[in-house]
Amino acid sequence: MQCLRLKLYTPTGIFKNPLSIKGIEVYPLPPYSTIIGLIYKAMGRRWEGESFQISLHGDYEAIYRDYVWFRKYNFKDKVLEKLPLQVPILHNLRLLIHIKAEEKLLEEMEKAIKEPKELLFLSGGEYPVKVEEVKIVQCEEKEIPEEDAIKLKHNAYVPKKILEKASVDKKGVLFSLSYFYKNSQKPKTYSWIDVYYFQKGTQIYGSLIFDEDGYPVFLTESVGEELKRPEGEEYVKFYAGNWLMASACVGVLKVLEVQGQNVENLVEEKTLRIPKDLWKKLPEIYADYLLKDKEVINKKLKEAYEEYKNKKQKQNNKNMFDPYKILISPKLRDFHSNSPFTNPSVKHISIKDEDIEGFIKDINQVSEKVKEAFLKDCEKLKKKTIETSQTCFFCHERQAKNFVDATSFTPLFASPDTVRNFIWDPIPICKECEFLLYFTSVGFYKSNGKYLFVYIPDDLLETYRLNQILSTQEEIEQEKLGRAWSVIKHVLELEKQKSSWILENIYFVEIEKVGDATANIYSFHISPNLAEAISQLIDKYPKNLQHIFSDFLFYIYTGKSLYEFLFLLLSGFIKKKSYKNLKVETIESRIVQAGKNLKYLSSNLLFFINFQEVLNMNEQKDYTNWAFRAGKELKALYKKDPSTQKKLEPLTYRLLEAIRRKDKDYFIQNLIRAYLEVEKEIPYLFKEALNDKNFNMIAYAFLIGLNSEEERGKEDETNKGETSESA
């Protein structure tokens, strides 16, 4: 068997999941469709239905995050809109590709890659591809026994079918990748194929194909044989291939678990499988879930009725009292504005004024009426269709009957006729997936006007469990540090069993409402060194700074240096008078205010230095305690003599300025003068502060020690915890 082998290099690669806008998800290697596109670019022609198979290996040096511009034309206002998005980027990516095709097509590809018709690009087209090798190689199948299992030298995609005849020693990460076009006209429709991603070092054995140089070859199925997910007779299936559909699946699982279903039986890897008889009952089950709390219903109806009566008297209010808009619409409005369930112009239940008071006293009657109206809206949603021959983007199997818009998920989408919210083409969706998206409002956890969702790309059941932890009403460990701590703790437990790729791409999706139909969406990733820092040190977060814990999380999740955080904190403490009229309106001003409110400093602030040094992968943390003690000892020497004690504050200002300027020489000069003042020799270890790697660590720890006080025995209740070493 002959294959064409390609070796490619690109300095940068961004391979986005198609629905990763605002909550960025990327693939660890390019999807097959990207490679197919590159080949046809090289050949200078369009795909004409040819069938061939691909094997894809690759490796990258690092993942870093940077901002890129996404652009889309606003049809309504006729302006080009831009959105800066932070995306994970693969650095120094090398690919090893094998292609099996008919001899004539293989020769055409070989010639085209050697002499391409145009400059070749991968990813978004920003960086060119260097072709390092183009070669026809002989391949043959071999049987590898378990005792002679080979180790993968590169990361690789392995199609599911290959694993029927081969075995691996690790759990792979399941991806559904775009393959060949089903329809190459806009909007384009892809066929999809399920593969497992295995990292280099994975051991594999069994019936495998190797090329003449010993590289394993994991070929996809031919183009008509890609994975199809037949609906079958028993289940309606949904594929949690992106954070949006995952949040909808989590919402459904929450609803069904309350109804008494065993949710574990409904999930297989990334797939949610709902029995058809249960699917038919789902609208009614959802209505019961939304109306389950009778006490809350009673309270809301009474409050709404009093407000209605007051408005009626003062403003001659002509609006009818509608229990549906009180009990259902508010629960769905933030995510599904102007949908059949939330449209403010639609009357769902009309009650005469003289009948309202008696009506709302019978909670069961109210619930039945509202439930009846909800089921009617579900029928309206089902009947609203448009003509399209496309396949649903989300499930890849059912025929699309609509396009996703703001009513489906308002924070991410707008009307396709105005602004498509930076989505390239209208996204086709089937009626089943469209209804499922209305469960996203249950999938997200709401707190203080924000919505939070934890997403693990390869495991729907684990995603569900983590979000259950996030939304639990029980008191949890480290409650005062926020519910996110409990989720972080469980995420860390995955570190030993998941690949580092998955750890890199577990993230929190946060939605912040800023208007009726607009929202900010943020995503926070967890890198391996951040996971290590959290695992080692989070319990030592200073108890007296709990009120700015969310700002601390913002710094570490966005990659900002904790030395900047610490500088703001110390500035507030040291320069209290300068911040007399401080307005607390930003993250930075909150941190400064927190420093201003500190009565004294203690060694618990070393937490921020130690945490940052773990992030920096700097093992010299013993310098931190040494520098802190040196600062305390110098302060004690200065306080012995009134003539030197008054010089302590100016010294502190000068050292803080040296730290701000990152001026090592100025810092050391002031230290030398400070030690001469008390007739002491400067400690020899301060020479380490001249090392860029150690300067911040030593300088901040010394300054904290210089301004610290001895831990006190008994404190007033208002000051309790300020000297505590940890939470």
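For the structure itself, look to the data block above.
This one's a predicted model, so the numbers in the text were calculated from it and none came from an experiment. (Residues numbered from 1 in each chain as written. Predicted model: local features only at pLDDT ≥ 70, side-chain atom pairs only at ≥ 80, totals over all residues. Heavy atoms only, no water.)

What to know about the sheet that holds strand E15 (residues 235-239)
1) Next: Sheet architecture is open: three strands sit in the order E15-E17-E16, paired in antiparallel fashion. At either margin of the open sheet sits one strand with a lone partner, and together these are E15 and strand E16 (267-268).
2) Next: Pairing of E15 with strand E17 (residues 271-275) involves five bridges; the strand directions are antiparallel. Residue pairing for E17: Val236 is matched across the bridge by Ile274.
3) Next: Across the sheet, helix H4 (residues 276-290) touches E15 and E17, and the angle it forms with E17 is around 85°. (Pairing = 2+ DSSP bridges. Helix = DSSP H or I, 4+ residues; strand = E, 2+ residues; numbered from the N terminus. Contact = heavy atoms within 4.5 Å. Axes fitted to C-alpha atoms, helices over the stretch in contact; angles between N-to-C directions.)

Some remarks on the packing of aromatic side chains
1) Next: Throughout the structure, instances matching the rule amount to 46 aromatic pairs.
2) Next: Both rings, one in Phe238 and one in Trp279, keep their centres 5.3 Å apart while their planes meet at 40°; by these two values the pair is tilted. Within this pair, whereas Phe238 is found in strand E15, its partner Trp279 is found in helix H4, the two being separated by 41 residues in sequence. Of the two residues, Phe238 and Trp279, neither departs from the other in class, the shared state being buried.
3) Next: With centroids separated by 6.5 Å and ring planes inclined at 80°, the aromatic side chains of Phe552 and Phe565 adopt a geometry described as edge-to-face. Remark: Phe565 occurs in helix H17 (residues 562-574) and Phe552 occurs in helix H16 (residues 549-557); sequence separation between them is 13 residues. There is no split in this pair, since Phe552 and Phe565 are both buried.
4) Next: Of the aromatic side chains, those joined through ring pairs into one cluster are Tyr27, Tyr32, Tyr40, Trp47, Phe52, Tyr157, Phe175, Tyr179, Phe180 and Tyr197.
5) Next: In this structure, Lys560 is placed above the aromatic ring of Tyr555, and the distance from its NZ or CZ to the ring centre is 4.7 Å.
6) Next: Taking the ring centre of Tyr666 as reference, the NZ or CZ of Arg661 above it sits at 4.7 Å. (Phe/Tyr/Trp six-rings, centres within 6.5 Å; stacked < 30°, edge-to-face > 60°. Buried < 20%, exposed > 50% of the residue type's maximum accessible area, 1.4 Å probe, protein only. Lys NZ or Arg CZ within 6 Å of the ring centre and 35° of its normal.)

Thoughts on the pattern of salt bridges
1) Next: This model, assessed by the stated rule, comprises 33 salt bridges.
2) Next: A salt bridge links Glu108 to Arg45; its shortest N-O distance comes to 2.9 Å. One end of the pair, Glu108, is in helix H2 (residues 103-114); the other, Arg45, is in the loop between helix H1 (32-43) and strand E2 (53-59), with 63 residues separating them in the sequence.
3) Next: Relative accessible area serves as the criterion here: at 22%, Arg45 is assigned to the partly exposed category. (Salt bridge = Lys/Arg side-chain N within 4 Å of Asp/Glu carboxyl O.)

Things to note about helix H24 (residues 692-706)
1) Next: Across its 15 residues, H24 extends 22 Å between first and last C-alpha, which sits within 8% of the 21 Å expected from 1.5 Å per residue.
2) Next: Of all 15 residues that make up H24, 13 are buried, and the element is covered over most of its length.
3) Next: Structurally, the start of H24 carries an N-cap: the backbone nitrogen of Lys693 is 2.9 Å from a side-chain oxygen of Asn691. (Expected span 1.5 Å × (residues − 1). Polar contact = N/O pair within 3.5 Å; in protein donor to acceptor, adjacent residues only side chain to side chain.)

Side note on the nonpolar core
Across soluble globular proteins, you tend to see nonpolar side chains buried next to one another.
1) Next: The biggest cluster of nonpolar side chains holds 82 residues, and the ones touching the most others in it are Leu272, Phe321, Phe374 and Phe394.
2) Next: Among the elements that take part in this core, helix H3 (residues 243-258) stands out by supplying eleven residues, more than any other.
3) Next: Sequence-distant contacts of Phe321, defined by excluding residues within four places in its chain, comprise Leu301, Ala304, Tyr305, Tyr308, Ile326, Ile349, Ile351, Ile356 and Ile360.
4) Next: Leu537, Trp626, Ala627 and Leu656 belong to the second largest nonpolar core, which has 69 residues in total. (Core = buried A, V, L, I, M, F, W, Y, C linked by side-chain atoms within 4.5 Å.)

Overview of unusual backbone geometry
The phi angle of most residues is negative, glycine excepted, and most peptide bonds adopt the trans form.
1) Next: Its identity is not glycine, yet Glu269 carries a phi of approximately 55°, on the positive side.
2) Next: Its location among the elements puts Glu269 in the loop between E16 and E17.
3) Next: One non-glycine residue, Glu679, adopts positive backbone phi at about 60°.
4) Next: With respect to the secondary-structure elements, Glu679 resides in the loop between helix H23 (664-677) and H24.
5) Next: A relative accessible area of 74% places Glu679 in the exposed class.

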